[in-house]
Protein chains: 2
Amino acid sequence: MSVSIRLTWNSGLEFDAQVNDRKIRLNSAEQMDSAFTPMELFLVSLAGCTAMDVQYILERQRQRIKHLIITASGKRRDEDPRSYESIDLEYEVAGEDIRRDAVERAIRLSQEKYCSVRAMVKDSVKLNITYRMSDGNKPEERFGYKPS
Amino acid sequence: MSVSIRLTWNSGLEFDAQVNDRKIRLNSAEQMDSAFTPMELFLVSLAGCTAMDVQYILERQRQRIKHLIITASGKRRDEDPRSYESIDLEYEVAGEDIRRDAVERAIRLSQEKYCSVRAMVKDSVKLNITYRMSDGNKPEERFGYKPS
């Protein structure tokens, strides 16, 4: 299966990306308006990939999620190439009677088996992963995730 | 320097990504409307990163570009994780008296030194790179790019 996209230069560092009939604008960090930088989109791509895995796996495990929020914060190198040297990734799951082991398992399956974007940067970017859980009755709890 | 994003689940596999005050919608490949898949955004991120490098470097080399188009087409693995195993990347440069060595140099500097997204997947994804050049007078020519 293949995926294709096309970028057309407008001016300066502004480009329009076309993905089939959908469009997204790119620009450098100094001139954003409604545009995104490539490094922002990389984080959205990584977080989106694991977010979809976790939602799907929790649903299959019959966990009733009310809210699922994923935040990602990447620290860039000071020198070229200014890649992410580490990324803090946090999952916030809220719902009724959600089991901690189900959440941990969903994150693990995504991180180690399914997430395509994670797999491509596995050896180059360190992820620091945490997750928070709440069910409306008990106070929210925060846990660290350890890769196996 | 750090970059942060936040994803909020809507329903199914639909998520809204918030990047400061900008928003982009994610969904699975079956239900797109105006949304993007994480793997589409990854390609946009990779192509956008090198597109900006090449535009910037060509301008610094006083090459007068009229058009710059970058296309990226990624082939996914059949098995999990369904990462890109290879990506075809093509640069189309048009303008007056653009020098081939300047274009090749801009691509090389981006691929080997500057492109942050490329650097993160250097050991995991094979890129097949070509570039096309035209100046309106001569017919368009197509060249292969070899990593050094």
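See the structure shown above.
A quick note: this is a predicted structure, and the numbers were derived from the prediction, not measured.

### Digging into the sheet that holds strand β5 (residues 84-96) of chain B
Part 1 of the argument: The sheet built from seven strands is open, its strands ordered β3(A)-β2(A)-β1(A)-β4(B)-β5(B)-β6(B)-β7(B) with mixed pairing. The two strands at the open ends of the sheet, each matched to only one other strand, are β3 (22-26) of chain A together with β7 (141-144) of chain B. Strand-to-strand twist across the sheet, computed as the mean angle between neighbouring axes with direction ignored, equals 20°.
Part 2 of the argument: Sheet topology places β5 of chain B next to strand β6 (residues 126-134) of chain B; nine bridges connect them, and they run parallel. For Ser86 of chain B, the partnering residue across the bridge sits in β6 of chain B and is Lys126 of chain B.

### Examining the interface of chain B and chain A
Part 1 of the argument: Counting residues at the interface gives 69 residues for chain B, matched by 69 residues for chain A.
Part 2 of the argument: Across the chain B to chain A interface the summed buried area is about 5,800 Å²; carbon plus sulfur atoms make up 68%.
Part 3 of the argument: A per-residue breakdown of the area chain B buries against chain A is headed by Arg22, Met52 and Met120 of chain B, which together make up 13% of the total.
Part 4 of the argument: Our enumeration of links across chain B and chain A arrives at two salt bridges.
Part 5 of the argument: Arg22 of chain A serves as the salt-bridge partner of Glu40 of chain B, at 2.7 Å between the closest nitrogen and oxygen.
Part 6 of the argument: Our count for the chain B to chain A interface comes out at 26 residue pairs in polar contact (both at pLDDT 80 or more).
Part 7 of the argument: Elements supplying a minimum of two residues to the side of chain B that touches chain A: β1 (2-11), β2 (14-19), β3 (22-26), α1 (38-60), β4 (64-76), β5, α2 (100-114) and α3 (116-120) of chain B.
Part 8 of the argument: When residues in the side of chain B that touches chain A are grouped by element, the largest group, 15 residues, is from α1 of chain B.
Part 9 of the argument: Bridge count between strand β1 (residues 2-11) of chain A and β4 of chain B: seven bridges; the pairing is antiparallel. Residue pairing for β4 of chain B: Ser2 of chain A is matched across the bridge by Lys75 of chain B.

### Points about the state of the cysteines
Residues and elements named next belong to chain A.
Part 1 of the argument: A complete count under the given rule lists two disulfides over all chains for this structure.
Part 2 of the argument: In this model Cys49 forms its disulfide with Cys115; the gap between the sulfur atoms is 2.4 Å. Placement of the pair is Cys49 in helix α1 (residues 38-60) and Cys115 in the loop between α2 (100-114) and α3 (116-120), with a sequence separation of 66 residues.

### Notes on the pattern of salt bridges
Residues and elements named next belong to chain A.
Part 1 of the argument: According to the stated counting rule, one finds 25 salt bridges over all chains in the structure shown.
Part 2 of the argument: Residue Glu14 is joined to Arg25 by a salt bridge in which the shortest nitrogen-to-oxygen separation is 3.5 Å. Note that Glu14 is positioned in strand β2 (residues 14-19) and Arg25 in strand β3, a separation of 11 residues in sequence.
Part 3 of the argument: Residue classification places Arg25 among the partly exposed positions, given a relative accessible area of 34%.
Part 4 of the argument: Through salt bridges with shared partners, a single network forms among Glu90, Arg132, Glu140 and Arg142.

What counts, and at which threshold
- Residues numbered from 1 in each chain as written.
- Chains lettered and ligands numbered in written order.
- Predicted model: local features only at pLDDT ≥ 70, side-chain atom pairs only at ≥ 80, totals over all residues.
- Heavy atoms only, no water.
- Pairing = 2+ DSSP bridges.
- Helix = DSSP H or I, 4+ residues; strand = E, 2+ residues; numbered from the N terminus.
- Axes fitted to C-alpha atoms, helices over the stretch in contact; angles between N-to-C directions.
- Contact = heavy atoms within 4.5 Å.
- Buried area = accessible area lost by both parts, 1.4 Å probe.
- Salt bridge = Lys/Arg side-chain N within 4 Å of Asp/Glu carboxyl O.
- Polar contact = N/O pair within 3.5 Å; in protein donor to acceptor, adjacent residues only side chain to side chain.
- Disulfide = S-S within 2.5 Å.
- Buried < 20%, exposed > 50% of the residue type's maximum accessible area, 1.4 Å probe, protein only.

Note that all results are geometric; they support no functional claim without further evidence.
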